[in-house]
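The lines below spell out each chain.
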Amino acid sequence: MIRGKMGCESLKDCLLDSSLAQGEKKAISFLREGMVETELSYKELNQDSNRMANTFLDLGVTKGNRVILYLQKSLAFIIAHCALQKIGAIGVPLNPGFKQSEMEYLLEDTQATLVLSGPEQEAVIKEIDPRLQTIVIHTEKPYQDCDFFSSASDTMPQIEIKPEDPGLIIYTSGTTGKPKGAILTQANLVHDAQNIITIWEITESDVVCHALPLFHVHGLCFELNTALIAGAHSIMLDRFSPEEVIKVLTKSSGEYACTLFMAVPAIYSKLMDYVGERKLDFEHIRLWTSGSAPLLVKDFEKIKRIFGKEPVEREGMTETGMNFSNPLRGVRKPGSIGLPLPNLEVRIVDPEKRVDLVPGQTGEILLKGPVITPGYWRKPEETGNAFEKGWFKSGDLGRVDEEGYYYLTDRIKHIIISGGENISPKEVETVINQVEGVAASSVVGIPDEKWGEKVVAAVVSKPGFKIEPHTIQMFCKKHLHDWKVPKGVVFVQELPKNKMGKVLKEEVKKAFLTTK
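Please read these numbers as outputs of a predicted model, since none were measured by experiment. (Residues numbered from 1 in each chain as written. Predicted model: local features only at pLDDT ≥ 70, side-chain atom pairs only at ≥ 80, totals over all residues. Heavy atoms only, no water.)

## Focus: helix H12 (residues 425-432)
- Counting buried residues along H12, six of its eight residues qualify, which places the element largely inside the surrounding structure.
- When we look at burial in H12, the residues that qualify are Pro425, Glu427, Val428, Glu429, Val431 and Ile432. (Buried < 20%, exposed > 50% of the residue type's maximum accessible area, 1.4 Å probe, protein only. Helix = DSSP H or I, 4+ residues; strand = E, 2+ residues; numbered from the N terminus.)

## Overview of the side chain of Thr38
- Relative to the elements of secondary structure, Thr38 occurs in strand S2 (residues 35-41).
- Side-chain polar atoms of Thr38 contact the side chain of Gln144, separated by 2.8 Å.
- Not counting the four nearest positions on each side in its chain, Thr38 is found in contact with Ile28, Ser29, Phe30, Leu75, Tyr143 and Gln144. (Polar contact = N/O pair within 3.5 Å; in protein donor to acceptor, adjacent residues only side chain to side chain. Contact = heavy atoms within 4.5 Å.)

## Side note on the sheet that holds strand S15 (residues 339-340)
- If you trace the nine strands from one edge of the open sheet to the other, you get S2-S1-S10-S9-S11-S12-S13-S14-S15, paired in mixed fashion. What marks the edges here is a single partner per strand, and that holds for S2 and S15.
- Bridge analysis of strand S9 (residues 207-210) against strand S10 (residues 233-237) gives four bridges, and the strand direction is parallel. Looking at S10, one finds that Val208 is bridged to Ser234.
- Relative to S2, helix H2 (residues 42-58) is tilted by about 80°, and along the sheet it contacts strand S1 (26-32) and S2.
- Helix H8 (residues 242-249) rests against S1, S9, S10, strand S11 (260-263) and strand S12 (287-290) of the sheet, and its axis sits at about 155° to S10. (Pairing = 2+ DSSP bridges. Axes fitted to C-alpha atoms, helices over the stretch in contact; angles between N-to-C directions.)

## A word on the layout of surface pockets
- Here the second largest pocket defines a volume of roughly 1,100 Å³.
- For the second largest pocket, the lining is made up of 40 residues, of which Pro213, Phe215, Arg239, Phe240 and His481 are closest to its centre.
- Elements with a contribution of two residues or more to the lining of the second largest pocket: helix H5 (119-128), helix H7 (217-230) and helix H9 (265-275).
- Of the residues in the lining of the second largest pocket, the class split is 16 nonpolar, 14 polar and 10 charged. (1 Å grid on protein atoms, 1.4 Å probe; cavity = no way out; pocket = protein on both sides within 12 Å on 5 of 7 lines; lining within 4 Å. Points joined across faces, edges and corners; volume = space filled by probe spheres on them. Nonpolar A, V, L, I, M, F, W, Y, C, P; charged D, E, K, R; others polar.)

Have a look at this one:
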């Protein structure tokens, strides 16, 4: 039976261990617009999540049911996440900015029993399915005002949770255009957190500045779960703001002095723009990490210059947890994703012949280990295609050097990674093709200094139609989250295709790169 480093086999057990060990110690200080609004100790977090867990049971939620968290970043979101783990229900965190067309598919796919939403999100849910049980949480108000579960028992529900039980379903974009729900089991989640705690030496003395969203594996699993299991103190910002993050990070003494910061390259870019040429003191912060998108070598050097330490670049996926990291103690190589995490097996194979390659050669990265998803929710065909004789096919092309450091060189799939978010070109194309007068479109990602990649679209209009780029963008904005909306639109006579009629994405990219 799989056991975590601390002996716990599930998030429920790990959270209880932390509660017993830390007691009155602060678990989370929640900041709204830069000011501390609410603070919860580990004891309070345990009691409140027990109350919410019992409330869920009273509402008819049972083990294995899916519960959607369609909420803004908030303490209520965190308490709900912990509560669901205590009753064996499956949390489904979703971007609160998702529009109706996106939510229709996700509601149908999850077959959710319950949705926790904000007031704006409730309107979307009711438009799709008025009968679906929904709890509206006013996350714009202080956590203390969220009292729908306050009268429930604070005794932990006695429900057996096994390592193989699903804890989360986190959706990731796929090449088909329909998001796939990666199932993350208790064993996956515990091992992932313990790996991160081990390699980055996270302890109860750490103070973590949390500026990431909670609907993403980075902010929810890599950062929140890890901090709670380690017994660390999280300074939780309600949203990302360069000014507020820098204000938090420059506090050099006292209980709010941070020691650890996790972010994506786009966040670092905004922070560095905000700091400019000012000389600020960040010496108290022991670790700066970057992931979810490639960190440019020049940004590695810039982070080192502005923040005073080399960043630790790492790599992970929704389906696999964190896979690689540059070492905390040792050489950090700019441009490298680092070394494999504990208990992870890695192969690099020829994309066509499927034979193992030697160091220095580029091929597809295959992974095997206890953190890797058992598969995609209700998608047996996609699950089968994702594995090759027990090895997870990452879809990434990469290489390893003679010292065992790994590098990503490209992606086999066409997924666009912009600001750490995965975007399916097919999904955006489907929306663009609904615009009156559009004959065809091709969406690609092109390099962008701020976002890593930005979404752009090449569009073919039907004869007799005159369409403006602004029209395409406004239509997309109505149906898609803002980060999926094309930042650039060009009109072409025809899309470049091969003899089989397949659009040549690299040729589409050239149309933008030559007109920059």
